[in-house]
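Structural overview
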Amino acid sequence: MAAAGGAGGAATSLQFRHVFGLNTNVVDNVSYTDDDTIVYVAGHEIVLYSIPEKRQRFIQSSDITESITAYTSGPGKRLAAIAERGENPSFHVFDLRTFRRKKSIQTSDILSKEIVSLQFSEDNQLILALTGAPDFTLMCWNWAKAKLVASVVVTTVLLPVYRCMFSPLDASVATVVGQGCVKFFRIGEKDIRPMHENMLPHNNFISSCWMRTPDDHLLAGTEEGKIMLFRSGEFLTVLPCSPGAGFPITHLCSISGGFVAGSGPGLLLFFHYDESKDQALFDNQFSLLNRLDISDMISGFVTSITVDPKDEVLTMMTSCGQLINCPAMTTNELTAKDVTYAITAFHGPKAISGLDVALRKPLILTCSKDNTMRLWNYQNHTIEQTKTFAEEMHSVALHPTGLHCAIGFADKVRIYHVLVDDLRICMEISIKSCRVCKFSNGGHLFAAASGNSIVVYDFYSGEKIADLRGHNSKVRSIHWMPSGFHLLTCGQDGAVYVWSLDGAKRIGEFVQKGTMYTSAVNTNASVIVVGNDRSLRELSLPDLAPTKLNDAGLVLTNVQISMNKSVLFASTYEFAKPGYIRAYPYPITGDFEDYAVTNAQILRMCITADENFLVVADEGGCLSVLEIKSRQDRYQRNNPAAFPELLTNPEWSDEVLVTRAELDDCNTTVAELCTKVEELKLNNEYQLKLKDMNYSEKMKETKDKFVQELELAKSKFEMLQDVRVDYEIESIEKIKYIEEMHQNNVQNLETGFQAQIMEMVENYQKLVRDRDGQIERLDEQRRQLVLSHERYVEELTSDFERKLDEERQARLQLEEERTELDKELNEMQNQLEDDIDTEIENMKRVNEEKLAISRETTLKYKGENGIMKKKSVLMHRDIEDQKEEMKNLLVKEKELHDQIKLLEKEVSAHKKEIKTRDVSIGEKEKRIYELKKKNQELDKFKFVLDFKIRELKQQIEPRQQEIMAMREKIKEMDNELERYHKSNAALDTLIGDLRAKIDALQLQVRAKRMTAKTMENTIETCRSDVQAAIVHIQTHPLLLAKVKTIVEAYGSMENVRPRIDPEVEEEYARHKEYLQRTIQELKQALEEGSLHHMTTNNAIRQNNMSLINEINAQRESNRQLKNHVQAEIGRIRHFAQAMNMKKQKNKTAGQTGVSTKEPPKTLAALFAGDSINAGGDSMEPGDLLEKNRRRIAALRAALAELDVSTKEPPKTLAALFAGDSINAGGDSMEPGDLLEKNRRRIAALRAALAELDARSRGMMAKAVSREVLPPMDGVSGAAGGFGNSVTFPQIASAKSAGVAITSDSVGGTPMPEIVRKKSVERIELPPVHKVVKQDSSHLDMGDSIFSPGDNHHMQMMSPDSNPGPTYTTQYIERDETEHLEEPTIEEGFEQNEEEDRAFQEGFEGLNMESAVVEMDSTL
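Residues numbered from 1 in each chain as written. Predicted model: local features only at pLDDT ≥ 70, side-chain atom pairs only at ≥ 80, totals over all residues. Heavy atoms only, no water.

The next thing to look at is the overall build of the protein. Helix and strand counts for the protein stand at twelve helices and 61 strands. In the protein, buried positions account for 38% of the 1419 residues. Look at the contacts in the protein between residues 6 or more apart in sequence, and 52% of them connect residues 24 or more apart. (Helix = DSSP H or I, 4+ residues; strand = E, 2+ residues; numbered from the N terminus. Buried < 20%, exposed > 50% of the residue type's maximum accessible area, 1.4 Å probe, protein only. Contact = heavy atoms within 4.5 Å.)

Quick look at the side chain of Asn984 now. Take Asn984: it is sitting in helix H2 (residues 660-1030). Take Asn984: its relative accessible area is 16%, and that puts it in the buried class.

A cluster of acidic residues, Glu833, Asp834, Asp835, Asp837, Glu839 and Glu841, forms a negative patch at the surface. Here Glu841 is to be found in helix H2. For Glu841, a relative accessible area of 55% gives the class exposed. (Patch = residues over 30% accessible without salt bridge, like charges linked within 9 Å, V, L, I, M, F, W, Y side chains within 5 Å. Areas by Shrake-Rupley, 256 points an atom, 1.4 Å probe, with all protein chains shown as cover. Salt bridge = Lys/Arg side-chain N within 4 Å of Asp/Glu carboxyl O. Lys, Arg positive; Asp, Glu negative; His and termini not counted. Charge placed at Lys NZ, Arg CZ, Asp CG, Glu CD.)

Of all hydrophobic cores here, the largest spans 44 residues; its most connected members are Tyr40, Leu323, Ile364, Phe569, Ile581, Leu614 and Leu623. Ranked by the residues each element gives to this core, the list is headed by strand S54 (residues 613-618), at five residues. Leaving out residues up to four positions away in the same chain, Leu614 has contacts with Leu14, Gln560, Phe569, Ile581, Met605, Cys606, Ile607, Ser624, Val625, Leu626 and Ile628. (Core = buried A, V, L, I, M, F, W, Y, C linked by side-chain atoms within 4.5 Å.)

An order of S37-S38-S39-S40 is seen for the four strands of this open sheet, with the pairing classed as antiparallel. The sheet terminates laterally at strand S37 (437-439) and strand S40 (464-469), the two strands that pair on one side only. Taken over all neighbouring pairs, the strand axes of this sheet differ in orientation by 15 degrees on average, direction set aside. Inspection of the sheet shows strand S39 (residues 453-458) paired to S40 by five bridges, in the antiparallel sense. Note that in S40 the partner of Ser453 across the bridge is Arg469. (Pairing = 2+ DSSP bridges. Axes fitted to C-alpha atoms, helices over the stretch in contact; angles between N-to-C directions.)

A separate point is the confidence of the model for the protein. For the protein, the mean per-residue pLDDT works out to 78, and 78% of the residues sit at or above 70. Residue range residues 1258-1386 is modelled with pLDDT below 50. Its contacts to residues more than four positions away, or to other chains, number 269 contacts. (pLDDT = per-residue confidence, 0-100.)

Strands sit in the order S25-S26-S27-S28 across an open sheet of four strands; the sheet is antiparallel. Two strands lie at the open edges of the sheet, namely strand S25 (302-307) and strand S28 (340-341), each paired on one side alone. Sheet topology places S25 next to strand S26 (residues 313-318); five bridges connect them, and they run antiparallel. Counterpart to Thr306 in the pairing with S26 is Thr315.

For H2, built from 371 residues, the straight-helix expectation of 555 Å at 1.5 Å per residue is missed by more than 12%, its first-to-last C-alpha distance being only 51 Å. Largest kink in H2: about 55 degrees, centred on Glu957, with the proline Pro958 one to four residues after it. (Expected span 1.5 Å × (residues − 1). Bend = angle between axes of the 7 residues up to and from the residue.)

A few words on the environment of Leu229. Along the chain, Leu229 turns up in strand S19 (residues 227-231). Accessibility expressed as a relative area gives 0% for Leu229, which makes it buried. Between the C-alpha atom of Leu229 and that of Leu218, which follows or precedes it by eleven residues, the distance is 5.9 Å.

A separate point is a nonpolar patch on the surface. Taken together, the side chains of Val420, Val656, Val658 and Leu663 make up a nonpolar region of the molecular surface, amounting to roughly 300 Å² of accessible area. The topology assignment puts Leu663 in helix H2.

With that out of the way, let us pick up a positive patch on the surface. Taken together, the side chains of Lys369, Arg435, Lys474, Lys911, Lys912 and Lys915 present a region of like positive charge at the surface. Structurally, Lys911 can be placed in helix H2.

The next point concerns the environment of Ile305. Residue placement: Ile305 occurs in strand S25. Classification of Ile305 by relative accessible area gives buried; the value is 6%. Residues Ile305 and Leu252 lie 53 residues apart in sequence; the distance between their C-alpha atoms is 7.3 Å. Discounting residues that sit within four places of it in the chain, Ile305 has contacts with His251, Cys253, Val260, Gly262, Leu314, Thr315 and Met316.

Listed below in structure tokens is the structure:
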């Protein structure tokens, strides 16, 4: 831990006592070493926290000089390893039982500067390490031998990786997860080979874990909220129970029966694995048991989860720097109340901006940038109070008594009374952005820095004592000197001042321009200051003359001194380095020792009043308490595994502040409780008597019962003894018989086995004779084989000698060929040398010519150089003259620069303030600009929505009365809710009062007990004195003297109080417990009542939501009904236009035998110049029904005329209009019934039209294009599918599109028309009911408005609102004026064939699911 900077070092040492906080930037920063000990990294050391003892032990190493980046523990819970950042990152292995470092390993040949993940293998022999950017190297180390087994580069910078893991089944299998990939590797003896690379783009894998059962399954969590399952290195599926987008899976941990997923903010997901389900359906085996939301307790994400060895407790670390516990047994029944802090609530990852300690209490006051103020007790390592404010705090100060505190906010300084469980404001001082404040040593004065001035107030009266001005920049440090009337300050302007409050004047000053001093303390005869000048400066008192300057070599930020132990502490600052405390012996000799304390920069440092503890706060939110060991205790050998002893100070007080109202409430509650105790005593005595009587009766009954049972048992026992004797006699006889039978059997077996042995001996002799014969035959066969082998060897040798001769001849031929090739090679070399020589001579000649030319040019340059030298001499003279002038100007410039620097210092302070204000103004202007854009967009929607609102108002009227009734009910429920809230608030105040009263009663009871004990002691001593006086009862003078001494000592003239009966004390304690239980029951009843109240409110809200949904459904049904009616009218108009076209074609073709009568005039009059949507939206329901009646009457007349012309009327028409009158019942029917009746009529009309269309199919052919009349291939019909085919509504008017569009009747005959410039051509696919447009700014559900060039997605809907296929309508801009003429018959055929093909291809290429999803998301 300590690194000596000189020969001697400091006379004291620092030992960690407690750390409040942990490192959030360390990966997997929590584990267990046994059932009751949590291990994590806090500051720059490993902390082992004992849960039962509530104390910490620390593992430190002086070799760790850089920041810690990763942590892991072995499967056996005995080893731990931490990774250290550096040019060559390293990791260290520690033994958690002996607290010693076992091995340090440093990496090499890698570009990364940090290790992002570590893990031990199951046998603790190997360590897997993964480095960060830019190379992302996976390394496997045998840490005991410090040997690198193998390494491999996993990925590139574009696809970073985050975690590595060993497989629990096979230590040679490793996994790595990262951006878009989950990779599996096989670790060999010398290399790491990839097994499976699962590349899953658009998935950022940030967590993973191996399951316990089945143990070959790997779970991987993504930043997009998906949990993916892998088995044996292959991707299986995405779990359907994954939380989804917005809930990133930050950590996964396997537990018995499933796994836990950490998400955020403050979200825990518990999953269950069911082995009984089908193994092929992996996604059905996992289910979400519980979704635990603890966002009220923590605001960050869960970054690390571990389980204790008993699988009973889950311990989690969060990104907001908290350590929490959760039960792991009944995960399906967990609630937010079951989650607790593992140690206590910490500040979190944000910096601690203020720090102070009390004089008469073991209290530490801190404030952080997380807007919380915390009061710590460093004696029992607990937190006394936590207070959250809405605005940021800059500084804090704690009164020496610990009963008051001051907090500096942005606009003022507030002084609070520190009560038992709360803060109460007592004073406000208007000081803006107070960065430093401090109480005097006596507590009667309070000093606060406001910019470059210091203001001193009287704490008790609130009067301003002095306003100290003199600093040119912000004050960074205020230190009260022991006198209590002198202040020591230093600031950013490099000035150190000693102020006297008598006259508010400076009595000593020291100014070092260009230096920023940050901290100053005083000794008996000097002042020590530190700043950014990398030195430790000592100034003499009182004039602050410099006496000593010690070069520190780096920036020192804070300084504290202990005069009793003659040591000075200074905190260091280096970029991207841990925070060190440097200990100097005082007087300063230059020697020092460095102690690595924190993992970030040290912002505040303070020493306690007894000079036994040093308190350090860093930028990462960690608060460290270090004990200052004296010289004689420094070299004692301490057991590192033992807990440090707690120091106590007898001067510490236990006083607290309590208000008068609380005391009065306590007195009244005590009186009430006393009366209740007396009543309970009587009640209990009566109940005890009743119970005694009942128990005595029960005892008599049970006694009689057991006596009877005992007599029955005795009789049974005698009977059983008789039976036992009979059984013994029978068993003896059976044993004798069995023994005789056994002897006979043994003799028979012996004779049989002897005969078998003789037979076996004869068989053995036969086998020996057979074996000898076989040996002789085998010897003869061996000799024959040897002879045949010798002959075979001779034949082989002859063959090989013949082949060898042939190979020799071939070798001689090859040697001759080689000699010939050598000759050819020599000739080629000679020719090449001749060619090279000729080329060299040519190059030489060319270079000599170039050399002659260059010589001539050099001669010319020499002449020009002489001329230039003359000019340079003249120029030098001019330059010397100008230098003299420059010197004069530089002198003037220096004077001006000195003045400018002084002005710049003043300007810089103002600029900083201006910058901060400019930033805030810029943010507000951006916000205003964004709001203006939103207003413009809203204005665009306003026009469309105004029209829609008018339409919806007419539809909403039937439901408004019901809504008003429900609102009245809601108001009544709200009134009830307010009453419940008021009652809850009253109960809360009552409970708070009762708690305060109980606490006061406990204190009084303790005092009474102490007095009772003292009185008992005095009584005992008095008895002993009386017994000693009784000895002198015969000698009266001595007896009289003894009695007088007793009277003087014990005051016997007063009334002697009787001794308290111990039974009374026991009864009092029992009633006290009873009252405490009643209070707990009242609390529980209050919680249940509030919960019931919340459930009723939620039920009311759900009812309101269901009503709103019904209203929306009714609106949608009205809209569909309107579209359906318009569709039917469009179909009828199609039919009328088709009849007109039939008549024209019959005239042109000149055919005979077919009736050519004109269509009914009523039909033409009905639909002349009428559009589907013209005025449809603004008409009342009654007008619309009347208009439909007129149209149906006209249709009847037209059909009658057609019947005369065709002579065969359709059967459906006769069935439709038989005996039906136009206005029959029309006035008395409801609008809904009338609309339903019209629908049936229109369906029958459509069937009749289909029959007429079939009769005249040969006459009409396909002259009508799809744009005029879409085909009805099984779509239309009375009983079918989609019902009716409906074309689009009218395109928007010329105002919205910016063009002039002629009449475009929906479904009508395309008449010749002139389209102006910038007109819109509409290409329609099959007709649909709904149109979903991507840009909602042009969409109106009543009248669809489209812009030119837009693609619009459409979805065909059936009458029962089932989604159909989705098509696209393209609107194309035309820049030229066109004349759209009526197509000919041949063009109509070709056009219809092309449209049929395009329709078929478009229908086959549609994706129904994506279209429906897109429509839903757009709506």
